[in-house]
Structure formats: structure tokens, C-alpha cells
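Understanding the architecture of this molecule
As a plain string of letters, each chain reads:
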Amino acid sequence: MFGSVKKHVDNPAGDIETIIGKGTTITGKLKSMGNIRIDGTVDGGVTVSGDAVIGESGSVKGDVKAGNLTIAGTVTGNVDCDGNLSIHATGQLIGDVRVHSLNIADGGIFKGRSEMDTRFGTNVSTAPTFSPAS
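Quick notes on the rules
- Residues numbered from 1 in each chain as written.
- Predicted model: local features only at pLDDT ≥ 70, side-chain atom pairs only at ≥ 80, totals over all residues.
- Heavy atoms only, no water.
- Helix = DSSP H or I, 4+ residues; strand = E, 2+ residues; numbered from the N terminus.
- Contact = heavy atoms within 4.5 Å.
- Pairing = 2+ DSSP bridges.
- Axes fitted to C-alpha atoms, helices over the stretch in contact; angles between N-to-C directions.
- Buried < 20%, exposed > 50% of the residue type's maximum accessible area, 1.4 Å probe, protein only.
- Salt bridge = Lys/Arg side-chain N within 4 Å of Asp/Glu carboxyl O.

**As for the environment of G28**
Structurally, the position occupied by G28 is in the loop between strand 2 (25-27) and strand 3 (30-32). Expressed as a C-alpha distance, the spacing of G28 and D43, which sit 15 residues apart in the sequence, is 6.0 Å. Ignoring any residue separated from it by four or fewer positions in sequence, one finds G28 in contact with V42, D43, G44 and G45.

**Some words on the sheet that holds strand 9 (residues 64-66)**
Each strand in a sheet pairs with its neighbour through backbone hydrogen bonds, running either in the same direction (parallel) or in the opposite one (antiparallel). Taken in spatial order, the 6 strands make up an open sheet running 3-6-9-12-15-18, and their pairing is parallel. Looking at strand neighbours, the two that pair on one side only are strand 3 and strand 18 (114-116), the edges of this open sheet. Between one strand axis and the next, the sheet turns through 5° on average, direction left out of account. Relative to strand 12 (residues 79-81), strand 9 runs parallel, the two sharing 3 bridges. Following the sheet pairing, K65 is matched in strand 12 by D80.

**Description of the environment of A52**
Within the secondary structure, A52 sits in strand 7 (residues 52-54). Counting along the chain gives 17 residues from A52 to N35, while the straight-line C-alpha distance between them is 5.7 Å. When residues no more than four places from it in sequence are discounted, the contact partners of A52 are I36, A66, N68, L69 and T70.

**Brief notes about the side chain of S59**
Along the polypeptide, S59 turns up in strand 8 (residues 59-61). By relative accessible area, which is 16% here, S59 ends up buried. Filtering out sequence-adjacent residues up to four positions away, S59 remains in contact with I38, G40, T41, V42, I54 and T74.

**Quick notes on the sheet that holds strand 4 (residues 36-38)**
The strand order 1-4-7-10-13-16 describes an open sheet built from 6 strands, whose pairing is parallel. This sheet does not close on itself; its edge strands, each paired only once, are strand 1 (18-20) and strand 16 (101-104). For this sheet, the mean inter-axis angle between neighbouring strands, taken without regard to orientation, is 10°.

**Let's talk about the pattern of salt bridges**
Opposite charge on two side chains lets them pair, provided their charged atoms get close. According to the stated counting rule, one finds 6 salt bridges in the structure shown. With its nearest N and O atoms 3.9 Å apart, the salt bridge here joins D82 to K65. Remark: K65 occurs in strand 9 and D82 occurs in the loop between strand 12 and strand 13 (84-87); sequence separation between them is 17 residues. The residue D82 makes a salt bridge to R98 at a minimum N-O spacing of 3.5 Å.

Below you can see the structure in the form of C-alpha cells.
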């Protein structure tokens, strides 16, 4: 019965321990030790030790910290990911991000600044400044 729950956006890392269902609203900060999927609304931010999926009907107002984050719904707040941030075609992120890697599908919306962590052992120097031709 429970194994037949259909997921429109899968969690690439594995099993989802917690689901915030469509029509559910949580006010305050949400913390989870495992993987989580949000199809409802969280007003206050999310901190997840594992991975997080914001489904197409999901909405988060507040900062999100997760191992990996998939957004198919809406996030309004800053994002801090140790791994990958993926914004699907239906996804929208309004806020600044700090991630290891960033993927935005055609149609996905991202409005903010991004900072990507360097790969282990890679030394990144300051890029030259752009000077328009006179």
C-alpha cells in the first residue's frame, strides 16, 4: 500500500523518510536527520542532514540547508547545499545559493547570487576582470 506512492520528482540519493503532503502547512523551522520530500508548505526554513526534494506543489519560505536539493516547486530563501542543487523546469528559487554544483533545467527560474565550492585539490585564482572594448 505505502510502496505505491507515486513520485513525480524522485530523490536521486535513495529512500525518503519524511513526506510533507500537499495541503499540509508547517510554520516554523523544520529539521530532519534523513531525506525529506515537501509537497506542502513550510514557512520558516528547512535543515536536512540528508537530501531534500521540493515537489511541484511544494513551497518553502525560508532558508534551506541540505546535502542535495531538488526543486520542482518554489523556494523563497537562501540555499546551502553540500552537493548538488537541481532546479527542474517547474521549479523556482528566489534567493542566494552556496552549492558544490548547480543544474537548472530549461524553464527553471533562479533569481539570486550563486557561490560554488571548489573541487577538492583545485586552486582557483581570481578571474580577470572584464573590460569592454573602447
